[in-house]
Amino acid sequence: MTADALKALAHLHFHSTPTRNDVWRETRFHIDGLHAGVLAEVLDAVDRAESSPDSSPTGVVVRGQRGAGKTHLLSRVRELIQLRGGYFFLVSLLDADAFWGSVAASVVDGLHQPVDDDGSTQLHLSLNRLVDLLGLPVVTRMAVTGRVPLTPDRLDEFVAALGRLNRQIGIGSRDTARALALLAGSDARAQDVAMSYLLAGEEAEVGERAAWGIRPAQRFPQHLVSDVSRLLSLTGPSVVAVDQVDGLIAQVANRSHTSADGRGGGADGWAAAVQLDRVASGLMELRELTRRTVSVLALLPVSWAVIKGNAVDTVQDRFREASPLEAIPDRETGRALIERRLTAHYAETGFVPPYASWPIRPEAFDDAVDFTPRQLLINVERHIRSCVQSGTVTELTHLGTVTEAPTAGPAPAGRPALEILDERYAALRAAAPVGGLLDPANEDAEVPALLAAGLDAWVRENPDDDFTQDTIPTRKPVLHARLRRTLDDRTGDEAHWAFRAIAAQHYNAELARLRNACVAAGLASGVAQRRLYILRNDDWPKSPGRRKAVEEFVAAGGQTLPLGENDLRSLVALRTLLAEESDGLSEWLIERRPASRTALLKAALADAGREMLDGNDPDAGTVDPVDPADVPQDLTLLAAGATRDESDSADPADVPRQRPPQEAVDTPGGVYLRVGDDCETGDPVHVELTALRKHTAIFAGSGSGKTVLIRRLVEECALLGVSAIVLDPNNDLARLGDAWPREPRGWAGGDAQAAADYHDAVEVVVWTPGREGGRPLTFQPLPDLGEVSDDPDEFTLAVDSAVDALAPRAQVAAATAKAMRGQAVLRQVLRHYGRTGDRSSLDGLIALLRDLPEGVSELAGAAVIAADMAENLDAARINDPLFGGTGDPADPGTLLSPAPGKRARVSVISFVGRPARRSGRASSADSRWRCSHGSSAIPPGIGRWVACW
């Protein structure tokens, strides 16, 4: 029996680490006794949602350590709610700044998920139920549900009937209803229009939406999610599950050293708190904006602790904590988990075991209560793998005594088996039908399966690595593949490599696919663990819309890679080999490593922590060498051994990072800064330094490089000893002090030395107004009146400036008689305060106004007017911490004076995380600050300085 037993066990794999897409698969191995209490709590919330057509019940938080069964629980919830006639959506959050964009993309993805073996999706199911409810004619029903072509007239008929059924939803959600009907149809162009609308995108072509009765205005993604929820609520309840959010929370917390107690440990702590608040606020609004919907949040206990420690209190009120997912409750449940999987596998292979759990003895499950479900599966599979590699099957009697399988031992596949697979692989490559695989009509159908085969082989080439890949939906996938690697088991932090093929096609389709892929991949500037590769063999068109989208994609870290014929042949051959699963395939993959030798994966996974092989390895057997034509030439990290002629021109869509500052040109006519190169001639472009004494404005379209040019000017000036104050409302320039991690493509001679000189000689300080977790800065409205009290002219100018700055906040800036009297009292009080008080401060002025001494003003009612202004100024300070709040005052002497040994100081005043209404006030406060500080405020030795915003 040993040979048959080893053969049966050789191909056993439990898939103990489910991916988020496994939620959509049938739960073949569900055990009723596992986490029954938590499942009951979720289903109880579903019952409440079903009976509440106009609202949503309190959400449910499912906490559990990795491997406790959170994803499996959600899969069971999905099955049960769909059996009840409801809908299920799985949200993946990869970027805190795009919470609602991620939710909208996940909802659209969920609509495309199948609900039966015939391929019917949740979208088709919901529309079928809705048209039945509306009582539409048969032809209109078939058109709206995608069974016959849809026309604008049929769409109008559908929306009119919806308004008659529910006027509020019919009016408020009619555009979204039209988009859902278009999405269900077979017209690819109409589907692209619908996708762009549902994902809150801009109209790609003027009038494309109006042709279907959809208003052209761009919608907010949260409003679209609300619309879809309202429409679905007409026919059933929904569950929106947020799973695997731990990676996002871990990244935010790690960047700022934020702990579970809610305190950020460093200058970036405030930024992390803002991002966590965005996630938490989104989770809170998820319940408020949906109908008949249960929000389920599945995450690690440490992640929930971070949210509770950093979020506003009301978030916790919107979610109820279910009982934590614990270890396996008893031996019977543990035994059932293993027996159900082994029984299914043995039935598929035709092997009859001595008993259901063989080769795990029944008494071994006495230890099951010490394991999570995943740990149990891993231990059992580890024992079986050890048996296969040793060639002897032993029965396990204690789960805790499993030993690792030997890493080197008798290989079941000898040289002949490897050579047979070499020949089979070569034959499959030669015969691979690769024509048309990347055509627009085939990219969604063919590319995901090919990439899945390539990544599966790549993972199996080194089975000890902790890599998994997502299962991609078969209909309208936003991404074609995603590889994940767990970086921290405790926090759930992960690294992702996402792939999407975009062939040359209609403008709308290309633009929508690129933008949707960026959202789904979580691609964001500064997030190193999220990578997106667009597979494309054609140049990107130079139309403004697509060029802007490509520039944003590249700026966020995305890359475009070719998928050549050699790689396509390899992927087609690997897909067949993996489907055949011949004897010795695992050993052949480890020995030959065919996936690692493809140009695509060699380039894309160069930073995945695994050695990448050259295609001409002498031990590579008959595995195909890498075709140099397949090696992407637009990457900073080239494949091993690849070279590039420095004269090669860059792809217009591949926007390199800004080059470092270079030495200025000192000519008899003056000092000139080099700010770039002429796009047509390549000649350097210079600007005379003295020209920057005047105000300079930069006008250009979005994505054209305005911020890059400002950064270049600041850096070049700093090298010449010119300090700068930079107002940064969008966090575009906060990295002026960061050194280059490596030399970018396109650097010329002297660039590396210039960059080193800049970072050695220039001090960059980032100020964070209103955020005590960083380096707080406040705009003080009062100059030091006492310092200029001996100069009548300077004193009068300082008082006038202070009145101009304080009058709007004191509510005496209007052109009324009452306001004029208020300004007069304020001016008299400031004169008295400047001549009799100590160093001027807003606190001292408010105290003086609140208790005005006699004789300061002779105007009637001056004390009442002054007290009223004191209250207004105090209220303004409370409402806007930037106005005379805590932190270093925005003193030019502080902002512009470099530390000893430094040539210049660049003070970046970052308003990131500040509410938009306050960002505007900060700008006006800064203007008043500049007016109230005359030239005498500039410290000695700072003869030249620039201000940028």
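Treat the numbers as computed from the prediction; the structure is a model and nothing was measured.

Conventions adopted
Residues numbered from 1 in each chain as written. Predicted model: local features only at pLDDT ≥ 70, side-chain atom pairs only at ≥ 80, totals over all residues. Heavy atoms only, no water. Helix = DSSP H or I, 4+ residues; strand = E, 2+ residues; numbered from the N terminus. Buried < 20%, exposed > 50% of the residue type's maximum accessible area, 1.4 Å probe, protein only. Contact = heavy atoms within 4.5 Å. Areas by Shrake-Rupley, 256 points an atom, 1.4 Å probe, with all protein chains shown as cover. 1 Å grid on protein atoms, 1.4 Å probe; cavity = no way out; pocket = protein on both sides within 12 Å on 5 of 7 lines; lining within 4 Å. Points joined across faces, edges and corners; volume = space filled by probe spheres on them. Nonpolar A, V, L, I, M, F, W, Y, C, P; charged D, E, K, R; others polar. Arc of directions from axis to C-beta. Axes fitted to C-alpha atoms, helices over the stretch in contact; angles between N-to-C directions. Left-handed = near helix turned anticlockwise from the far one by under 90°. Salt bridge = Lys/Arg side-chain N within 4 Å of Asp/Glu carboxyl O. Phe/Tyr/Trp six-rings, centres within 6.5 Å; stacked < 30°, edge-to-face > 60°. Pairing = 2+ DSSP bridges. Right-handed = clockwise from strand over helix to strand, strands pointing away. Core = buried A, V, L, I, M, F, W, Y, C linked by side-chain atoms within 4.5 Å. Domains from an automatic or database assignment. Patch = residues over 30% accessible without salt bridge, like charges linked within 9 Å, V, L, I, M, F, W, Y side chains within 5 Å. Lys, Arg positive; Asp, Glu negative; His and termini not counted. Charge placed at Lys NZ, Arg CZ, Asp CG, Glu CD. Expected span 1.5 Å × (residues − 1). pLDDT = per-residue confidence, 0-100. Parallel < 35°, antiparallel > 145°, perpendicular 65-115°, else oblique.

1. Some remarks on the overall build of the chain
Item 1. The helix and strand tally for the chain stands at 32 helices and 19 strands.
Item 2. Per-residue burial over the chain gives 52% buried out of 949 residues.
Item 3. Counted over contacts in the chain with a minimum sequence separation of 6, partners at least 24 positions apart contribute 73%.
Item 4. Only carbon and sulfur atoms are counted for the fraction: they give 50% of the accessible area of the chain, which is about 41300 Å².

2. What about the side chain of Thr 372?
Item 1. Mapped onto the fold, Thr 372 is located in the loop between α16 (331–349) and α17 (373–390).
Item 2. Note on Thr 372: relative accessible area 11%, which makes it buried.
Item 3. Setting aside residues up to four positions removed in sequence, Thr 372 forms contacts with Arg 66, Gly 67, Ala 68, Ala 327 and Ile 328.

3. Topic: empty space enclosed by the protein
Gaps left between atoms are located by rolling a probe of water-molecule size over the structure's atoms.
Item 1. This model, assessed by the stated rule, comprises ten cavities of 30 Å³ or more.
Item 2. The calculated volume of the largest cavity comes to roughly 270 Å³.
Item 3. Every residue lining the largest cavity is counted, 17 residues in all, and those nearest its centre are Arg 20, Asp 109, Val 478, Arg 482 and Ala 520.
Item 4. Contributions of two or more residues to the lining of the largest cavity are made by α4 (99–111) and α20 (507–521).
Item 5. Reported here for the second largest cavity is a volume of approximately 110 Å³.
Item 6. Along the walls of the second largest cavity sit Asp 192, Met 195, Asp 444, Lys 476, Pro 477, Val 478, Arg 500, Ala 512, Arg 513 and Asn 516, which together make up its complete lining.
Item 7. Per element, the largest residue contribution to the lining of the second largest cavity is three residues, and it comes from α20.
Item 8. For the lining of the second largest cavity, the residue count by class is four nonpolar, one polar and five charged.

4. Structural notes on helix α1 (residues 2–10)
Item 1. For α1, the set of buried residues is Ala 5, Leu 6, Ala 8 and Leu 9. Down the axis, α1 shows its buried residues gathered within 160° of arc, on one side only. Structural note: α1 exposes Ala 3, Asp 4 and Lys 7 on the side pointing more than 90 degrees away from its buried face.
Item 2. Close packing links the buried residues of α1 with α16 and α17.

5. As for the packing of α4 against helix α11 (residues 221–233)
Item 1. As a packed pair, α4 and α11 sit with axes 8 Å apart at the nearest point and diverge in direction by 35°. Here α4 and α11 pass one another in a crossing that is left-handed. From α4, Trp 100, Gly 101, Val 103, Ala 104 and Val 107 reach across to α11, where they touch Pro 221, Gln 222, Val 225 and Val 228.

6. Section: the pattern of salt bridges
Item 1. Evaluated as defined, the whole model comprises 40 salt bridges.
Item 2. In this structure, Glu 715 engages Arg 711 in a salt bridge whose closest nitrogen and oxygen atoms are separated by 3.1 Å. Of this pair, Glu 715 and Arg 711 are both found in helix α25 (residues 706–719), four residues apart, which corresponds to roughly one turn of the helix.
Item 3. Connected via shared salt-bridge partners are Asp 192, Glu 443, Asp 444, Arg 500 and Arg 513.

7. Details of the packing of aromatic side chains
Given two aromatic rings, their pairing is described by the distance between the two centres and the angle made by the two planes.
Item 1. Enumeration over the complete set of coordinates arrives at nine aromatic pairs.
Item 2. An angle of 65° between the planes, with centres 5.3 Å apart, marks the rings of Tyr 346 and Phe 351 as edge-to-face.
Item 3. Assessed through its relative accessible area of 2%, Tyr 346 is described here as buried.
Item 4. With centroids separated by 6.4 Å and ring planes inclined at 50°, the aromatic side chains of Tyr 346 and Trp 358 adopt a geometry described as tilted. Here Tyr 346, found in helix α16, pairs with Trp 358, found in the loop between α16 and α17; they are twelve residues apart in sequence, far enough to count as distant. You'll find Tyr 346 and Trp 358 in the same group, each marked buried.

8. Side note on the pairing of strand β1 (residues 59–63)
Side chains on a regular strand alternate between the two faces of the sheet.
Item 1. Summarising burial for β1: five of the five residues are buried, a large majority.
Item 2. Where burial is concerned, the two faces of β1 agree: the one with Gly 59, Val 61 and Arg 63 and the one with Val 60 and Val 62 are both buried.
Item 3. Pairing geometry for β1 and strand β5 (residues 319–321), over three bridges, is parallel. For Val 60, the partnering residue across the bridge sits in β5 and is Arg 320.
Item 4. Of the strand pairs in this sheet, β1 and strand β4 (residues 293–299) are connected by four bridges, and their pairing is parallel. Counterpart to Val 61 in the pairing with β4 is Leu 297.

9. As for the pairing of strand β9 (residues 530–535)
Item 1. Among the six residues of β9, six are classified as buried, and the element is accordingly described as predominantly covered.
Item 2. Burial of β9 is two-sided: the residues Arg 530, Leu 532 and Ile 534 facing one way and the residues Arg 531, Tyr 533 and Leu 535 facing the other way are all buried.
Item 3. Of the pairings in the sheet, the one linking strand β8 (residues 493–501) to β9 comprises six bridges and is parallel in character. In the strand pairing of β9, Phe 499 is matched with Tyr 533.
Item 4. Summarising the sheet, β9 and strand β10 (residues 559–561) pair through three bridges and their orientation is parallel. Paired with Leu 535 across the bridge in β10 is Leu 561.
Item 5. After leaving β9, the chain enters helix α21 (residues 544–555) and then returns to the sheet as β10, a path that is right-handed.

10. A few points about the nonpolar core
Item 1. Residues Leu 93, Val 103, Phe 158 and Leu 297 are the most contacted members of the largest nonpolar core, which totals 67 residues.
Item 2. A total of eight residues in this core trace back to one element, the largest contributor, which is α4.
Item 3. Residues from two domains meet in this core; each of domain 1 (22–99 + 237–259 + 270–327) and domain 2 (121–235) gives at least three.
Item 4. Apart from the residues within four sequence positions on either side, Leu 93 is in contact with Phe 99, Ser 102, Val 103, Val 242, Gln 244, Val 245, Leu 248 and Val 279.

11. What to know about the sheet that holds β8
Item 1. Read across the sheet, five strands follow the order β6-β7-β8-β9-β10 without closing on themselves; strand pairing throughout is mixed. Each having just a single partner strand, β6 (467–469) and β10 make up the two edges of the open sheet. Averaged over neighbouring strand pairs, the angle between their axes works out to 25° when direction is ignored.

12. Quick word on a negative patch on the surface
Item 1. Among the surface-exposed residues, Glu 26, Asp 116, Asp 117 and Asp 118 lie close enough to one another that they form a single negatively charged patch.
Item 2. Residue position: Glu 26 is located in the loop between α1 and α2 (36–50).

13. Looking at the sheet that holds β5
Item 1. The parallel open sheet is built from five strands, whose spatial order is β2-β3-β4-β1-β5. Where the open sheet ends on each side, the last strands, each with one partner, are β2 (87–91) and β5. Adjacent strand axes in the sheet meet at a mean angle of 25°, parallel and antiparallel pairs treated alike.
Item 2. Pairing of β2 with strand β3 (residues 238–242) involves five bridges; the strand directions are parallel. Of the residues in β3, the one forming a bridge with Val 91 is Val 242.

14. Side note on helix α22 (residues 565–580)
Item 1. For α22, built from 16 residues, the straight-helix expectation of 22 Å at 1.5 Å per residue is met to within 8% by its first-to-last C-alpha distance of 23 Å.
Item 2. Those residues of α22 that fall on the buried side of the exposure criterion are Asp 567, Leu 568, Arg 569, Ser 570, Leu 571, Val 572, Ala 573, Leu 574, Leu 577 and Leu 578.
Item 3. Of the residues trailing α22, Glu 581 is marked for its positive phi of about 50°.

15. Concerning the environment of Gln 251
Item 1. In this structure, Gln 251 sits in helix α12 (residues 246–256).
Item 2. By relative accessible area, Gln 251 is classed as buried at 5%.

16. Structural notes on the confidence of the model for the chain
Item 1. When pLDDT is averaged along the chain, the result is 80, and 82% of the positions lie at 70 or above.
Item 2. pLDDT under 50 marks residues 407–413. Its contacts with residues more than four places away, or in other chains, come to four contacts.
Item 3. With pLDDT under 50 throughout, residues 916–944 is counted as low confidence; its partners more than four residues away or in other chains account for 47 contacts.

17. Digging into the packing of helix α9 (residues 174–184) against helix α10 (residues 188–198)
Packed helices, taken two at a time, are described by the angle between their axes plus the distance between the axes.
Item 1. Packing of α9 against α10 brings their axes to within 8 Å, and their N-to-C directions diverge by 140°. As the angle between them shows, α9 and α10 are arranged oblique. Every pair of crossing elements has a handedness; the one defined by α9 and α10 is left-handed. Two secondary-structure elements touch here, α9 through Asp 175, Thr 176, Ala 179, Leu 180, Leu 182 and Leu 183 and α10 through Ala 190, Gln 191, Ala 194, Met 195, Tyr 197 and Leu 198.

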